[in-house]
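Residue-level structural notes
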Amino acid sequence: MRPLQLFRRLCAAALLLSLLTLSSCAAPAAQESAAETPMPQKIEPKGKVYYSYFDTVSYVYDYAGDSAERFDERSAEVSHILSGYHQLFDIYHEYSGVVNLCTLNRAAGGEALAIDGRLVDFLLYAKEMYELTGGEMNVMLGAVLRPWHDCREAAASDPAGASIPDEETLREAARHTGIELLEIDAERGTARIADSEASIDVGALGKGYAAERAAEFLERDGAQGYVLNIGGNIRCIGDRPDGSGWVTAIRDPDRAAEGYACSLRIRDTACVTSGVYERYFTVGGVRYHHIIDKDTLYPAAYYASLTVVTRDSALADALSTALFCMPYEDGAKLAQSIGGVELLWIFPDGEQRSTPGFAELIEEPTPS
Ligand code: ADP
Ligand code: MG
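Here's a quick rundown of the structure. (Residues numbered from 1 in each chain as written. Chains lettered and ligands numbered in written order. Predicted model: local features only at pLDDT ≥ 70, side-chain atom pairs only at ≥ 80, totals over all residues. Heavy atoms only, no water.)

Here we take up the overall build of the chain. Assigned secondary structure in the chain consists of ten helices and 15 strands. A burial count over the chain gives 54% of its 368 residues as buried. Contacts in the chain between residues at least 24 apart in sequence constitute 62% of all its contacts with a sequence separation of at least 6. Just so you have it, the chain exposes about 16100 Å², and 50% of that area is on carbon and sulfur atoms. (Helix = DSSP H or I, 4+ residues; strand = E, 2+ residues; numbered from the N terminus. Buried < 20%, exposed > 50% of the residue type's maximum accessible area, 1.4 Å probe, protein only. Contact = heavy atoms within 4.5 Å. Areas by Shrake-Rupley, 256 points an atom, 1.4 Å probe, with all protein chains shown as cover.)

Right under this line is the structure:
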């Protein structure tokens, strides 16, 4: 990653961090403008540590007040879990002794490879999410995502010469994105990509899935009052000791650097947002972001951001990307059929719509 990109993501994660530490009994977070609203008093976590995985920054917070030793043990195990998935999900690098997604992509069209049981489970889950979302979240979209990624990288080093992939390249790439090209033999513990032009990209799902596995460990270990922030994907484990939940803010896509659309009070759940402002480049004044609609092969144009609150962070991540690529009615219907999924859609013109359950999470500003 380029230093500037890493810096931006560090800033983004730090912003979310500061919002997560808001006191539940203090004034609410900004509704109009971060600059105009007095900042609420912060409640610092008792333990806090950060790691650099998945090309982004991850934080572990403990609000319950574990002993330093206990926190160290628990956060070290979280780090171990995240680091394992970081290596397995990496599509750009291989690691000694590890068969990961980069290995699988490089072997595309060849023999099946023996893979780690964690990767088998993940790939099966990715297929499940493909089915659930009617193919809108497709980890086999790699062939189409690559030209977009290359143009974004080129634009970062030469903004004036920035260009987008040509239509023909995208159409040709789209012929190599079938989910059936990903062959998994769970019994034998092997996987194969059946087409040498096809490749896997788990950017839409990997962080949320890894966060859920880390949360699973913490829950099994009896942890309460922990928060994981995996590159902006939030997963709360239990509640704050005083039962007041945490306040987190959803960015205003128009003022992504400093403005918030609303603040939510959440507990024992995950909160994941996909937005046009997260990763993009500009050509001729037009912004091209990083979430690609399988039907057009161009950045999805329905929303400026979409937020999912649901308990399972992997599901939240899968849905944040998939619903971002679906018309409002279809997304609402899908969420309702799953159950326990609350959504906030922010449209390009700024209009906001939410599920009734989401509206209940919104932290109302107190009159001053
Ligand atoms: P972020 O990773 O920025 O939090 P998302 O969860 O929405 O946001 O994932 C976006 C990433 O997922 C992209 O960078 C790309 O790697 C991948 N991606 C983009 N569009 C799709 C899609 N329709 N299906 C599956 N993966 C996608
Ligand atoms: Mg996602």
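For the rest of this paragraph, the subject is the sheet that holds strand β13 (residues 305–310). If you trace the eight strands from one edge of the open sheet to the other, you get β1-β2-β6-β7-β10-β13-β14-β15, paired in antiparallel fashion. Whereas interior strands pair on both sides, the edge strands pair on one side only; in this sheet they are β1 (47–53) and β15 (352–354). The average angle at which neighbouring strand axes cross in this sheet is 10°, direction not considered. Across two bridges, strand β7 (residues 233–237) lies against strand β10 (residues 270–275) in antiparallel orientation. Note on β10: the bridge partner recorded for isoleucine 234 is cysteine 271. Docked against the sheet, helix α7 (residues 206–220) engages β2 (56–62), β6 (226–230) and β7, running at close to 15° with respect to β7. Contacts from helix α9 (residues 328–338) reach β14 (342–346) and β15, with the element oriented near 170° to β14. (Pairing = 2+ DSSP bridges. Axes fitted to C-alpha atoms, helices over the stretch in contact; angles between N-to-C directions.)

Before going further, it helps to spend a moment on the pairing of β7. Buried residues dominate β7, accounting for five of its five residues. Judged by which residues are buried, β7 turns out to be covered on both faces: Asn233, Arg235 and Ile237 on one side and Ile234 and Cys236 on the other are all buried. Note that β6 and β7 share five bridges and pair antiparallel. The residue of β7 that forms the bridge with leucine 228 is arginine 235. In textbook terms, the turn of a hairpin is the stretch between consecutive antiparallel strands, and for β6 and β7 this stretch comprises two residues, one of which, glycine 231, has a positive phi near 55°.

Now for the coordination of the magnesium ion (ligand 2). Looking at the magnesium ion (ligand 2), the protein donor atoms are Ala204 (O), Asp317 (O), Asp317 (OD) and Thr321 (OG1), and they sit 2.2 to 2.5 Å from it. Counting gaps between the donor residues of the magnesium ion (ligand 2) yields the pattern A-x112-D-x3-T. Pair noted here: alanine 204 is in the loop between β5 (190–193) and α7 and threonine 321 is in helix α8 (residues 313–324), with a separation of 117 residues, a long-range link. The class for alanine 204 is buried, based on a relative accessible area of 18%. (Donors = N, O, S within 2.8 Å, 3.2 Å for Na, K, Ca; no water.)

Let us now look at the pattern of salt bridges. When the charged atoms of two side chains lie near each other, side chains of opposite charge can form a pair. Evaluation of the coordinates by the stated rule reveals 20 salt bridges. Of the charged contacts, one joins arginine 118 and aspartate 116 as a salt bridge, the two residues approaching to 3.0 Å between their closest N and O atoms. Residue aspartate 116 is classed as partly exposed on the basis of its relative accessible area, which comes to 30%. With a closest N to O distance of 2.7 Å, aspartate 239 and arginine 267 form a salt bridge. A residue pair is termed long-range when its members are at least 10 positions apart, and aspartate 239 in the loop between β7 and β8 (246–251) and arginine 267 in the loop between β9 (260–266) and β10 qualify at 28 residues. Residue aspartate 239 is classed as buried on the basis of its relative accessible area of 19%. Here arginine 267 falls in the partly exposed class, since its relative accessible area comes to 36%. (Salt bridge = Lys/Arg side-chain N within 4 Å of Asp/Glu carboxyl O.)

A separate point is α7. Because each turn of an α-helix spans 3.6 residues, side chains separated by three or four positions end up pointing in the same direction. In a regular helix each residue adds 1.5 Å, so 15 residues correspond to 21 Å; α7 covers 21 Å between its end C-alpha atoms and thus fits that length. The buried fraction of α7 is high, at twelve of 15 residues. Among the residues of α7, Gly206, Lys207, Gly208, Tyr209, Ala210, Ala211, Glu212, Arg213, Ala214, Ala215, Phe217 and Leu218 are the ones counted as buried. The inward-facing, buried residues of α7 abut β2, α2 (68–89), α4 (117–132), β6, β7 and α8. At the exit of α7 stands glycine 222, carrying a positive phi of roughly 85°. (Expected span 1.5 Å × (residues − 1).)

With that settled, the discussion passes to the environment of alanine 160. In this structure, alanine 160 sits in the loop between α5 (142–157) and α6 (167–174). Sequence separation of alanine 160 and threonine 282 is 122 residues, and the distance between their C-alpha atoms is 9.3 Å.

On to the site of ligand 1, then. Close to ligand 1 lie 18 residues; Asp201, Ser274, His290, Ile292 and Thr321 are nearest. Between glycine 203 and ligand 1, the recorded distance is 3.4 Å, taken from a backbone N or O atom to an oxygen atom. Between alanine 204 and ligand 1, the recorded distance is 3.0 Å, taken from a backbone N or O atom to an oxygen atom. Coverage of ligand 1 by the protein chains reaches 95% of its 570 Å² of free accessible surface. Sorting elements by how many residues they give to the shell around ligand 1 places α8 first, with three residues. Here the residues of the shell around ligand 1 are counted per class, giving six nonpolar, six polar and six charged. Two domains each provide a minimum of three residues to the shell around ligand 1, namely domain 1 (101–193) and domain 2 (245–368). (Near = heavy atom within 4 Å. Polar contact = N/O pair within 3.5 Å; in protein donor to acceptor, adjacent residues only side chain to side chain. Nonpolar A, V, L, I, M, F, W, Y, C, P; charged D, E, K, R; others polar. Domains from an automatic or database assignment.)

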